[in-house]
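# Structural characterization, general
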Amino acid sequence: MSGGKIKILFLCTGNSCRSQMAEGFAKFYFPHLFEIYSAGTAPEKLNPKAVKVMKEIGIDISKQYSKNVKDLIDIDFDYVITLCGDANENCPNFPKKTKKIHKGFKDPARAKGNEEEVLKVYREVRDEIKNFILSLPDILKE
C-alpha cells in the first residue's frame, strides 16, 4: 500500500460505464482510503449516459477516460475488482499478493427502450454500484 492507501483497480470489458462509475464513487467517497484506477480488457469511449446519471447525483466523471488494463499491469494493486463476467474470465494475471474480487453488474449499455427507459436502467445500475462502493471498507476488512 502506498502512503497507507489501498490500491484498487475496477475492471470491466469496455471501461466505459460500470468501472467508470465505480471509480467515480470510490474517488468521491473514499479518497483518503483508496488509490483508485479503472480499466478495461477491450476499452471503449466513456459512455455519455454514465456521465449523465452520475452528474445527476453530483459526481462528475466527465474527465475520466477509458484505459487498457495492459497499460496498468505494472501497478502493484492490492485488489482487482471485476464488475462483469467477461472481465472476470479475461482478467490478466497480477502478482500473487493482489486479491481478486468479482461483483457483477448488469450492463446498462445493453438496455432497450426509449431514452427514459434506458436511463432508468443506468440509474438502477448506478445505485447498485454506489451501494457496493459504500460497503467496500467493510468488504476489504474480511
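A brief structural summary. Every chain is numbered on its own, with residues counted from 1 as its sequence reads. pLDDT decides what is reported in this predicted model: residues at 70 or higher carry local features, side-chain atom pairs at 80 or more are listed and counted, and totals for whole chains, interfaces and linings draw on all residues regardless. Remark: hydrogens and water are excluded; side-chain values derive from all non-hydrogen atoms of the structure.

## Structural notes on the packing of helix α1 (residues 18-29) against helix α2 (residues 48-55)
Basically, it comes down to this: To obtain each axis, a line is fitted to C-alpha atoms, and for helices this fit is confined to the stretch in contact; angles are then taken between N-to-C directions over 0 to 180 degrees. Strands are runs of DSSP state E lasting at least 2 residues, helices are runs of H or I lasting at least 4, and numbering of each runs from the N terminus. Should an angle fall under 35 degrees it is taken as roughly parallel, and over 145 as roughly antiparallel, whereas 65 to 115 is taken as roughly perpendicular and any remaining angle as oblique. Note: crossing handedness is left-handed where the near helix turns anticlockwise from the far helix by less than a right angle, and right-handed where it turns clockwise. We call two residues in contact when some of their heavy atoms are within 4.5 Å. Each residue is assigned to one of three groups, with Ala, Val, Leu, Ile, Met, Phe, Trp, Tyr, Cys and Pro labelled nonpolar, Asp, Glu, Lys and Arg labelled charged, and all others, Gly among them, labelled polar.
Here α1 crosses α2 at 30 degrees, and the two axes come no closer than 10 Å. Accordingly, the angle class assigned to the pair α1 and α2 is roughly parallel. Every pair of crossing elements has a handedness; the one defined by α1 and α2 is right-handed. Contacts between α1 and α2 involve Met 21, Gly 24 and Phe 25 from the former and Ala 50, Val 53 and Met 54 from the latter. Broken down by class, the residue content of the contact of α1 with α2 amounts to 5 nonpolar, 1 polar and no charged.

## Topic: α1
For clarity, the threshold we go by: Here a helix's expected span is defined as the number of its residues, less one, multiplied by 1.5 Å. Whether a residue is buried, partly exposed or exposed follows from its accessible area with a 1.4 Å probe, protein chains only, as a fraction of its type maximum: under 20%, in between, or over 50%, in that order.
For α1, built from 12 residues, the straight-helix expectation of 16 Å at 1.5 Å per residue is met to within 8% by its first-to-last C-alpha distance of 16 Å. Where burial is concerned, most of α1 is hidden: 9 out of the 12 residues are buried. Within α1, the full set of buried residues consists of Arg 18, Ser 19, Gln 20, Met 21, Ala 22, Glu 23, Gly 24, Phe 25 and Ala 26. Along its buried surface, α1 packs onto β1 (6-12), β2 (34-40), α2 and α4 (115-141).

## Considering the pairing of strand β3 (residues 79-82)
What counts is decided by this rule: Pairing between strands is defined by DSSP: at least two bridges between them are needed.
On β3, burial covers both faces: Tyr 79 and Ile 81 on one face and Val 80 and Thr 82 on the other are all buried. Two elements, β1 and β3, share 4 bridges in a ladder whose sense is parallel. Bridging across to β3, Leu 11 finds its partner in Thr 82. Alignment of β3 against strand β4 (residues 99-102), held across 4 bridges, turns out to be parallel. Bridge pairing links Ile 81 to Ile 101 in β4.

## A look at the sheet that holds β2
Across the sheet, 4 strands lie side by side as β2-β1-β3-β4; this open sheet has parallel pairing. Lying at the two open borders of the sheet, with one neighbouring strand each, are β2 and β4. Sheet twist, expressed as the average angle between the axes of neighbouring strands with direction ignored, equals 20 degrees. Along the sheet, α1 makes contact with β1 and β2, crossing β2 at roughly 170 degrees. Contacts from α4 reach β1, β2, β3 and β4, with the element oriented near 130 degrees to β1.

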